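Secondary and tertiary structure notes
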2 protein chains.
Amino acid sequence: MKTLLFIFSLSMLCILGGCRMARQSGESGSDRVAYQVYPIGTIQREGGRTYIVLDKQYEAGLKGLQTHDYVIVVYWFDKNDTPEKRAILQVHPRGDSAHPLTGVFATHSPFRPNLIAISQCDIVAVRDNGIEIKEIDAMDGSPVLDLKGDFFRFYKPGGNGK
Amino acid sequence: MKTLLFIFSLSMLCILGGCRMARQSGESGSDRVAYQVYPIGTIQREGGRTYIVLDKQYEAGLKGLQTHDYVIVVYWFDKNDTPEKRAILQVHPRGDSAHPLTGVFATHSPFRPNLIAISQCDIVAVRDNGIEIKEIDAMDGSPVLDLKGDFFRFYKPGGNGK
């Protein structure tokens, strides 16, 4: 009886372990490559103003940004992070059926395999670990993944530096 | 004896399961939030031409892109995917010490906490699961994470649709 219980428990744990590994490497259970991205802060609205508030540990990464006119904000469509929504490859742009069905890679739809959103935002002010921006088409609390300043501040147009 | 073996096996599997969970949530083993991104294709150079080749499974996502003049390409600085390089928060832009030390979020440096790269590329042609682009400042074989067409194709400037 104990032997049977042992074999049963072992099998169950292996199955559970297997499921966890499958989730780690992709919804399909295949061993496809995955990269990890971590929120560096959030978008926050307060009293009609909009801020990007970084976690304190990333504050040093903002040095110099106060001299830029705009910032490219990379954030995550976190409300759509399900295998079903990430499997959507075609949409009617703006959800308007008058627009023909279009591949998500031709749109900025919030449904896409990798839920990366990009907006270029005018900078109002940079202070400590926060940036006030004019506006952004993102939900309050959206996780921010990356920020990039004005590309041409350090690079000549036509140059190939990064 | 069998009972002991059972308890021992159970413990080992729980420990292994726990380690796997820790890796899943970040290299440090901490429980910070992480999102997974998956390559949808790669950048490929051939005979002086440059292509974005998507995995066949994503081909449907390109529908309509052939009518766009350019595409925003989101790719991954995969050569820098180490905890050490992802901890870099300040750089001398273009590696030139004449440029003052600057926060990575004010630059397009390939060293940054999330190794997301963005380029706007002119489209030469779209065929099947491939796009020929004029040029891109990326290494051959770089993993592509996302593509976005001309934002204003479906949206009026000043509108708030996405």
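Within every chain, residues take consecutive numbers counted from 1 along the sequence as written. For this description, chains carry letters from A and ligands carry numbers from 1, given in the order in which they are written. Local features in a predicted model are, by the rule used here, given only for residues with pLDDT of at least 70; side-chain atom pairs are given and counted only at 80 or more, and totals for whole chains, interfaces and linings are based on all residues. With hydrogens and water stripped out, all remaining heavy atoms of the structure feed into the side-chain values.

Quick notes on the overall build of chain A
Threshold: Helical segments are the DSSP runs of H or I of at least four residues, strand segments are the runs of E of at least two, and each set is numbered from the N terminus. Summary of the burial criterion: residues with accessible area below 20% of their type's maximum are buried, those above 50% are exposed, and those between are partly exposed, where the area comes from a 1.4 Å probe applied to protein chains only. Working rule for contacts: check all heavy atoms of both residues, and any pair within 4.5 Å makes them a contact. The Shrake-Rupley method, run with a 1.4 Å probe sphere, supplies the accessible areas, and residue values consider only the shown protein chains as cover.
The helix and strand inventory of chain A stands at 2 helices and 9 strands. Sorting the 162 residues of chain A into buried and exposed places 44% on the buried side. Considering only contacts in chain A between residues 6 or more positions apart, those separated by 24 or more positions represent 67%. Accessible area for chain A stands at about 8,400 Å²; split by element, carbon and sulfur atoms hold 56% of it.

A word on the environment of Gln44 of chain B
Residues and elements named next belong to chain B. As a reminder, the rule being used: Here a polar contact means two N or O atoms within 3.5 Å. Within protein one must be a hydrogen donor candidate and the other an acceptor candidate, and residues neighboring in sequence count only if both atoms are side-chain atoms.
Checked against the element boundaries, Gln44 lands in strand β2 (residues 41–46). Spatially, the C-alpha atom of Gln44 lies 9.9 Å from that of Gly130, the residues being 86 residues apart in sequence. Apart from residues lying up to four places away in sequence, Gln44 is in contact with Arg49, Thr50, Tyr51, Val53 and Asp140. Among the polar contacts listed, one links the side chain of Gln44 to the side chain of Thr42, at a separation of 2.9 Å.

A word on the sheet that holds β2 of chain B
Residue and element names in this part refer to chain B. Which entries qualify depends on this criterion: Strands were regarded as paired on the criterion that DSSP finds at least two bridges between them. For helices, the fitted line uses only the C-alpha atoms of the stretch in contact; every axis is such a line through C-alpha atoms, and the angle between N-to-C directions lies from 0 to 180 degrees.
Ordered in space as β2-β3-β8-β7-β4-β9, the 6 strands form a closed barrel in which the pairing is antiparallel. For this sheet, the mean inter-axis angle between neighbouring strands, taken without regard to orientation, is 50°. The sheet contact formed by strand β4 (residues 70–76) and strand β9 (residues 143–148) spans 4 bridges and is antiparallel. Its bridge partner lying in β9, Val73 is registered against Leu147.

Some words on the pairing of strand β4 (residues 70–76) of chain A
Residues and elements named next belong to chain A. The element β4 is extensively covered by neighbouring structure, given that 7 of its 7 residues are classed as buried. The two faces of β4 match: Tyr70, Ile72, Val74 and Trp76 on one face and Val71, Val73 and Tyr75 on the other face are all buried. In the sheet, β4 pairs with strand β7 (residues 116–127) via 7 bridges, with the strands oriented antiparallel. Each residue of the ladder has a partner; that of Val71, found in β7, is Cys121.

With respect to the sheet that holds strand β2 (residues 41–46) of chain A
All names here are of chain A. Strand order in the closed barrel made by the 6 strands is β2-β3-β8-β7-β4-β9, with antiparallel pairing throughout. Geometrically, the sheet is characterised by an average inter-axis angle of 50° between neighbouring strands, direction not taken into account. Two elements, β2 and strand β9 (residues 143–148), share 2 bridges in a ladder whose sense is antiparallel. Looking at β9, one finds that Gly41 is bridged to Val144.

Some points on the side chain of Asp146 of chain A
On the secondary structure map, Asp146 of chain A appears in strand β9. On the basis of relative accessibility, which here comes to 0%, the residue Asp146 of chain A falls in the buried class. At a separation of 2.8 Å, a polar atom in the side chain of Asp146 of chain A contacts the side chain of Arg112 of chain B.

Re the nonpolar core
Most often, soluble globular proteins have nonpolar side chains that are buried together. Applied cut-off: Only buried residues count toward a nonpolar core, which is a set of Ala, Val, Leu, Ile, Met, Phe, Trp, Tyr and Cys residues joined through side-chain atoms within 4.5 Å.
Formed by 70 residues in total, the largest nonpolar core has its most connected members in Ile52, Val73 and Leu147 of chain A together with Ile52, Val73 and Leu147 of chain B. Ignoring sequence-local partners within four residues, the contact set of Val73 of chain A consists of Ile52, Ala117, Ile118, Ser119, Cys121, Ile136, Val144, Asp146 and Leu147 of chain A.

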